[in-house]
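# Summary of the model geometry
As a plain string of letters, each chain reads:
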Amino acid sequence: MNVFKQLWVSLYSPKDIASFQNQGIGKTILYVFLLSLIFFLPSAFYLGTMITNGLNAIEETVSEDLPDFEIKNGTLTTDSNEPFVVKKNGYQIFLDGTGSLTPEDVSAKSDEAVALLKSELVFVSNGHAQTSPYSLLEGNNEDLFEWINSVESVLPIILPLLLFILYLFTAAGSFLKVTILAAFGTIFRSTLGRSISYRYLWRIAAYSITLSTIFFTIMEAFQATVPFASFISWFVSLIILHLSIKESAHTLD
C-alpha cells in the first residue's frame, strides 16, 4: 500500500492502522515527515504571505506616509507625542515612540498589522503577534527604506530557508508526539492483553495521529480557531491508538 492510500485509510480504519505495524520503520518515518509537511503547508503559506505583504506595506508607508523617526540602541524615538496609525495594502501600520502601545494592543486593534514600537518590531497575522527586537535595525526613515529593499532582494533565499527550519521544528514536534503516544500504547497493550513491543507500538502511533493532523490542517487552512485544540488533538489520537491496538494481533520481538 502506498503512503497516500495509507493516509486515506488511517483517517477511519483502526484495523488498517494496526496492520501497518509490520512494515519497515523507514516507511513509517517517511509517513511522519509527510504528515508534518501537510500540517505545515497552511502555516507556511500564511507566514510567507504575511512577510511579503508586510514588507511591501512598510516600504510604501515609509516612503510616503510615515513621520520622521530614529532607531538607536534598540529604541525608537519620534517627535510625535502619540502613536501614528495608517492602513496600507490591507495592513495597519503603527509607529509608536511613546511606549504606550504593546504587541497585545496592536493585535487587539488589527488582525493584520505591522508595528514599529518603542523597543520592538511587531508583525500581526490573523490576530497573532510575532515580535522582534531592533538588534539588527538602526537608523531613520531613509535607512529603514534601504534596509527593506535589501531584505526584499534576498527574500527569495531567506524565506525558503526560514520555512524549512520551521518545518523541521514541526516535524520534530510530530515525532515527539508519536513517541509519547507509543508510551501510552504500552499501557493500552497491558489493559487489552496484547503482547506488542514498543517498536511496533511506535509504528501504530505514527498512523494514529493522522485524523487529528488532517483535521487541524483544514482548520488552519481556513484560519478557524478550535477551542481546546491541544486537548482534542491528543484525545482523538489516543482513541485511535487504543482502537488500533485493540485490532492488532499479538506481536512479540
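Heads up: the structure comes first, above all this text.
Here's what I pulled together on the structure shown here.

Basis of the calculations
All residue numbers refer to positions counted from 1 along the written sequence of the respective chain. Reporting in this predicted model follows two pLDDT cut-offs: at least 70 for local features of residues, and 80 or more for side-chain atom pairs to be given and counted; totals over whole chains, interfaces and linings ignore these cut-offs and use all residues. For side-chain calculations, the full set of non-hydrogen atoms in the structure is used, while hydrogens and water are omitted. Only DSSP runs of H or I covering at least 4 residues are called helices, and only runs of E covering at least 2 are called strands; the numbering of each starts at the N terminus. Residue burial is assigned from relative accessible area. The probe radius is 1.4 Å, only protein chains are included, and a residue is buried under 20% of its type maximum, exposed over 50%, and partly exposed in between. Should any heavy atoms of two residues lie within 4.5 Å, those residues are considered in contact. To get an axis, a line is fitted to the C-alpha atoms, and for a helix only the part in contact is used. The angle between two axes follows their N-to-C directions and goes from 0 to 180 degrees. Small angles under 35 degrees read as roughly parallel and large ones over 145 as roughly antiparallel, with 65 to 115 read as roughly perpendicular and the rest as oblique. Gly counts as polar in this scheme, as do all residues outside two lists: the nonpolar Ala, Val, Leu, Ile, Met, Phe, Trp, Tyr, Cys and Pro, and the charged Asp, Glu, Lys and Arg. Strands were regarded as paired on the criterion that DSSP finds at least two bridges between them. Patch definition: residues with relative accessible area over 30% and no salt bridge; like charges joined within 9 Å; nonpolar side chains (Val, Leu, Ile, Met, Phe, Trp, Tyr) joined within 5 Å. A 1.4 Å probe and the Shrake-Rupley method give the accessible areas. Residues count as covered only by the protein chains that appear here. One speaks of a salt bridge when a side-chain nitrogen belonging to Lys or Arg is within 4 Å of a carboxyl oxygen belonging to Asp or Glu. By the counting scheme adopted, Arg and Lys are positive, Glu and Asp are negative, and His together with the chain ends is not counted. By convention, charge coordinates are those of NZ in Lys, CZ in Arg, CG in Asp, or CD in Glu. Pairs of N or O atoms are called polar contacts if they sit within 3.5 Å, as long as, within protein, a hydrogen donor faces a hydrogen acceptor (for residues adjacent in sequence, only side-chain-to-side-chain pairs). To estimate how far a helix should reach, multiply one less than its number of residues by 1.5 Å. Among the buried residues, those of types Ala, Val, Leu, Ile, Met, Phe, Trp, Tyr and Cys that are joined through side-chain atoms within 4.5 Å form a nonpolar core.

## Some remarks on the environment of Ala171
Assignment of secondary structure puts Ala171 in helix α5 (residues 141-192). Classification of Ala171 as buried rests on a relative accessible area of 2%. Considering only alpha carbons, one finds Ala171 and Leu137, 34 residues apart in sequence, at a separation of 31 Å. Among residues more than four places away in sequence, those in contact with Ala171 are Phe33 and Ser36.

## Description of unusual backbone geometry
For Gln223, which is not glycine, the phi torsion reads 55° and is therefore positive. Its place among the elements puts Gln223 in the loop between α7 (210-221) and α8 (229-247).

## Some words on the packing of α7 against α8
Helix-helix packing: each pair is described by the crossing angle between the helix axes and the interaxial distance. Contact pair α7 / α8: the axes reach a minimum separation of 8 Å and the direction vectors enclose 150°. The orientation of α7 with respect to α8, classified from their angle, is roughly antiparallel. Across the interface between the two elements, Leu211, Ser212 and Phe216 from α7 touch Ala229, Ile232, Ser233, Val236, Ser237 and Ile240 from α8. For the contact of α7 with α8, the residue count by class is six nonpolar, three polar and no charged.

## What about the pairing of strand β1 (residues 69-72)?
Of the two faces of β1, only the one carrying Phe69 and Ile71 is buried; Glu70 and Lys72 on the other face are not. Across four bridges, the pairing between β1 and strand β2 (residues 75-78) is antiparallel. When the bridges of β2 are listed, Phe69 appears paired with Thr78. Judged from the two bridges that link them, β1 and strand β8 (residues 139-140) form a sheet pairing that is antiparallel. From the neighbouring strand, Glu70 faces β8, where its bridge partner is Asn140.

## Describing a negative patch on the surface
Where like charges cluster on the molecular surface, the negative patch consists of Glu70, Glu138, Glu142, Asp143 and Glu146. It is α5 that contributes the most residues to the negative patch, three residues altogether. Inspection of the secondary structure assignment puts Asp143 in helix α5. Take Asp143: its relative accessible area is 33%, and that puts it in the partly exposed class.

## Remarks on the side chain of Ser174
Relative to the assigned elements, Ser174 resides in helix α5. Residue classification places Ser174 among the buried residues on the basis of a relative accessible area of 14%. Here Ser36 takes part through its side chain, which lies 2.9 Å from a polar atom of the side chain of Ser174. The residues touching Ser174, leaving out its near neighbours within four places in the chain, are Val32 and Ser36.

## Looking at α7
Taking 1.5 Å of rise per residue, twelve residues should cover 16 Å, and α7 covers 16 Å from first to last C-alpha, within 8% of that figure. Along α7, the positions that sit buried rather than exposed are Thr210, Ser212, Thr213, Ile214, Phe216 and Thr217. Close packing links the buried residues of α7 with α1 (3-9), α3 (25-64), α5, α6 (198-208) and α8. One or two positions beyond α7, positive phi appears at Gln223, with a value near 55°.

## Description of the sheet that holds strand β6 (residues 120-125)
If you walk across this open sheet you meet the five strands as β3-β4-β5-β6-β7, and the pairing is mixed. Every other strand in the sheet has two partners, leaving β3 (84-88) and β7 (128-133) as the edge strands with one partner each. Each adjacent strand pair in this sheet contributes to an overall mean axis angle of 15°, direction not counted. Here strand β4 (residues 91-95) runs beside strand β5 (residues 112-116); their pairing, made up of four bridges, is parallel.

## Regarding the environment of Leu155
You can see Leu155 is positioned in helix α5. Assessed through its relative accessible area of 13%, Leu155 is described here as buried. Sequence separation of Leu155 and Ser212 is 57 residues, and the distance between their C-alpha atoms is 33 Å.

## Section: the nonpolar core
Core analysis: the largest hydrophobic core is formed by 30 residues, its most contacted members being Phe69, Leu116 and Leu144. Of all the secondary-structure elements, those providing two or more residues to this core are α3, β1, β4, β5, β6 and α5. With nine residues, the single largest contributor to this core is α3. Among all residues touching Leu116, those that are not within four sequence positions of it are Leu66, Phe69, Leu76, Phe94, Leu95, Asp96, Leu121, Tyr134 and Leu144. One finds Ile17, Trp202, Ala206 and Ile240 within the second-largest nonpolar core, a separate group that totals 27 residues.

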